[in-house]
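Structure assessment
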Amino acid sequence: MTTTQSYSVDELITITAARELVDNSVVFAGIGLPTLAVSLAQNTTATNLEVIYESGVCGAHPSELPSTIADAVLITDSEAVLTISALFGYVLQGGRIDVGFLGAAQIDKHGNLNSSVIGDWDAPAKRLPGSGGAHEVLANANETFVIMRRHTARAFVKELDFCTSAGPDRVIAEGGTPRSRGVTKVFTEYGVMSRAGAGEELTLTAIHRGITAEDVVAATGWELQVSPELTVIAPPTEAELALLRDEIDPSGVYLR
Amino acid sequence: MSTLAANRKPKVMGLRDAISTYVHSGDTVSLEGFTHAIPTAAGHEIIRQGITDLTLVRMTADIVVDQMLAANCISTLVSSFVGNSSAGSLGEIRRRIEASGPQNLNYVEYSHYGMVCRYLAGAQKLPFYPLRSYFGSDLPKVNPEIRKVLSPYPGPDGKPEEIYVVPPINPDVAIVHAQRADQWGNVQMWGLTGIQAEAVFSAKHAIVTVEEIVPDDVVRSDPNRTIIPSHAVSAVVPVPFGAHPSFIQGYYDRDNDFYRSWSAISADEALLAEWLATWVHGTTDHSEYVELMGAAERERLSVAPAMSQPVNYGRRR
């Protein structure tokens, strides 16, 4: 069933990401589009997906869509609430997370991420929030999905201004042993870039309807490789849009 | 049978006395609370007392840090996240770090687990704490306290293994907020308990502000609920609504409107100064701040009950 309805970039990204979540996996999600993607997957293709929030909440059963990772509605009726040291030490570093979800200000072709500064760290043009738990998610989750709403050459860069969170290639370059595959999927307004893990570049593997590979290459700061098996992503279905709009985010907390 | 000494001294203090006794200019102060139970009222009292030159340690530096910076309380900030949750920017922090501003804040940047490990090392009096973070990241380049050592044991592949370590943190005082405590400072908390216990145990002194002081038998009816025992606490201070604009599970909700409004207030130095003049310098203590919020605001943030089932500890017959 294909829709004739119009939909927003946020809805398109959320639905595309939800379809990639494999059932029975353990997902570490932040608030915003990742929360929506996980909820949509739980309502469609991945009903046994388990979500863990950075605040320490496992098995949340919120009465309404949470507005932060620590929203009181995530705690009431949840299955477990862990301390921060248990969450980061046992759950993340302990290797219990299959898929992490992150955003960033800048990403490079190996899926290294900058969420600290634009410009020089010592005298930045713009100070960003920094790592939070992003560094540990990328280092420890088996794989990480990244959502970048705006696909521009300022965000998809040849050289990061600062590497807050390192993928496996940078870990190896420093003589370390990677514990994760790093970024495996990047979801944007134009489509999906993918890589399997260390040694591979992010490659354009799927585009949204109406977008050309040339559009995406032009909006990327490195020489983006295009997969010979490039596919066009099936547009959101009526059912997916109805779930998102009427059941998951009816008051438009994230879908504005 | 009671084993409590008759001369045991209650640890209840007022907030003004607790801050003036345990927080001094130049100190290293940890303020913790991971989105939940942020000790805002204590931060405001530090501002009122004109305390300066603090090294402030806080994993998620948010609105209260922006306010303390604007009031010139802080010279060094040790943190792993500087942001107003998902509600926008922190104007004062940005001004003091970014190239276009005065750049008069010494900022020490970690990741969340790096901060957790600093508290774990501090609480246990260890020389450092190892973690599997930081390989490949630029963070160790801008923060020389994040160092790499050779593990004395072989790695999983049998070869020598290098690992990053972080140093302990032992603040002069840790300040946290919780739901309730007894007069002795046994602190009970539920919902997100964050890093509060580690922060308290890492510090030389600890001030715990609470929504209410409860009778001893309430605490002793559920001892597993106590996340910080009396012996680790220097002062316990009743401060209702002491975490506003953050929330207290079961007591009041997060003031999301205030979080969203902070972006615009903090973007404008004059507006920010006016906010401090009205809400902090213009109130003699936190009860006046709560008065100023008004009954309608307190009602807006109120929550319906969701009681837990009591557990049976048993008693020997």
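Above this text sits the structure in question.
Let me sum up the structure you'll find in this document. (Residues numbered from 1 in each chain as written. Chains lettered and ligands numbered in written order. Predicted model: local features only at pLDDT ≥ 70, side-chain atom pairs only at ≥ 80, totals over all residues. Heavy atoms only, no water.)

Residues and elements named next belong to chain B. Enumeration over the complete set of coordinates arrives at 13 aromatic pairs over all chains. Here Phe135 and Tyr164 contribute two aromatic rings whose centre-to-centre distance is 5.2 Å and whose plane-to-plane angle is 80°, an arrangement assigned as edge-to-face. Taken together, the residues Phe135 in the loop between β7 (129-131) and α6 (139-142) and Tyr164 in strand β9 (residues 160-166) connect sequence positions 29 residues apart. Both residues of the pair, Phe135 and Tyr164, belong to the buried class. Ring centres of Trp262 and Trp275 lie 5.5 Å apart, and the angle between their planes is 85°; on these two criteria the pair is classed as edge-to-face. Within this pair, whereas Trp262 is found in helix α9 (residues 256-267), its partner Trp275 is found in helix α10 (residues 269-279), the two being separated by 13 residues in sequence. The exposure class of Trp275 is buried, given its relative accessible area of 7%. (Phe/Tyr/Trp six-rings, centres within 6.5 Å; stacked < 30°, edge-to-face > 60°. Helix = DSSP H or I, 4+ residues; strand = E, 2+ residues; numbered from the N terminus. Buried < 20%, exposed > 50% of the residue type's maximum accessible area, 1.4 Å probe, protein only.)

Residue and element names in this part refer to chain B. In space, the 3 strands of this open sheet follow the order β7-β9-β8, with antiparallel pairing throughout. Across the chains shown, the open sheet's two edge strands, defined by having one partner strand only, are β7 and β8 (147-154). Along the sheet, successive strands turn relative to each other by an average axial angle of 55°, direction set aside. For β8 and β9, the ladder comprises 5 bridges, and the chain directions are antiparallel. In the sheet register, Leu150 faces β9, and the bridge partner there is Glu162. Sheet strands in contact with helix α5 (residues 112-124) are β7 and β9, and its direction is about 155° off that of β7. (Pairing = 2+ DSSP bridges. Axes fitted to C-alpha atoms, helices over the stretch in contact; angles between N-to-C directions. Contact = heavy atoms within 4.5 Å.)

Between two packed helices, the angle of one axis relative to the other and the distance separating the axes together describe the packing. All names here are of chain B. One can describe the packing of helix α2 (residues 40-48) onto helix α3 (residues 63-70) by two numbers: an axis separation of 10 Å at closest approach and a directional angle of 0°. Relative to α3, the element α2 lies roughly parallel. Note on element contacts: α3 touches α2 through Val64, Gln67 and Met68, opposite Thr40, Gly43, His44, Ile46 and Ile47. (Parallel < 35°, antiparallel > 145°, perpendicular 65-115°, else oblique.)

We now examine the packing of helix α1 (residues 9-20) of chain A against helix α2 (residues 33-43) of chain A. All names here are of chain A. Where α1 meets α2, the closest approach of the two axes is 8 Å, and the angle between their N-to-C directions is 50°. In this view, α1 runs oblique relative to α2, as classed from their interaxial angle. The two elements α1 and α2 cross, and the hand of that crossing is right-handed. Contacts between α1 and α2 involve Asp10, Ile13, Thr14, Ile15, Ala17 and Ala18 from the first element and Leu33, Leu36, Ala37, Leu40 and Ala41 from the second. The residue inventory of the contact of α1 with α2, partitioned by class, reads 9 nonpolar, 1 polar and 1 charged. (Left-handed = near helix turned anticlockwise from the far one by under 90°. Nonpolar A, V, L, I, M, F, W, Y, C, P; charged D, E, K, R; others polar.)

What follows deals with unusual backbone geometry. Residues and elements named next belong to chain B. Residue Pro245 is bonded to the preceding His244 through a cis peptide linkage, with omega at 15°. Structurally, Pro245 can be placed in the loop between β14 (235-238) and α9. The backbone of Lys125 shows a phi angle near 55°, a positive value even though the residue is not glycine. Secondary-structure assignment places Lys125 in the loop between α5 and β7.

Glancing now at the interface of chain A and chain B. Reports often express the size of an interface as the amount of accessible area lost when the parts come together. Counting residues at the interface gives 44 residues for chain A, matched by 47 residues for chain B. It is Trp121, Arg127 and Glu174 of chain A in chain A that bury the most area against chain B; as a group they hold 17% of the surface buried on that side. Taken together, the links from chain A to chain B amount to 3 salt bridges. Elements that contribute at least two residues to the side of chain A that touches chain B include exactly α3 (72-75), α4 (84-93), β9 (124-127), α5 (134-140) and α6 (168-173) of chain A. When residues of the side of chain A that touches chain B are assigned to their parent elements, the largest contribution, 5 residues, is made by α4 of chain A. Per-class residue counts for the side of chain A that touches chain B are 18 nonpolar, 17 polar and 9 charged. (Buried area = accessible area lost by both parts, 1.4 Å probe. Salt bridge = Lys/Arg side-chain N within 4 Å of Asp/Glu carboxyl O.)

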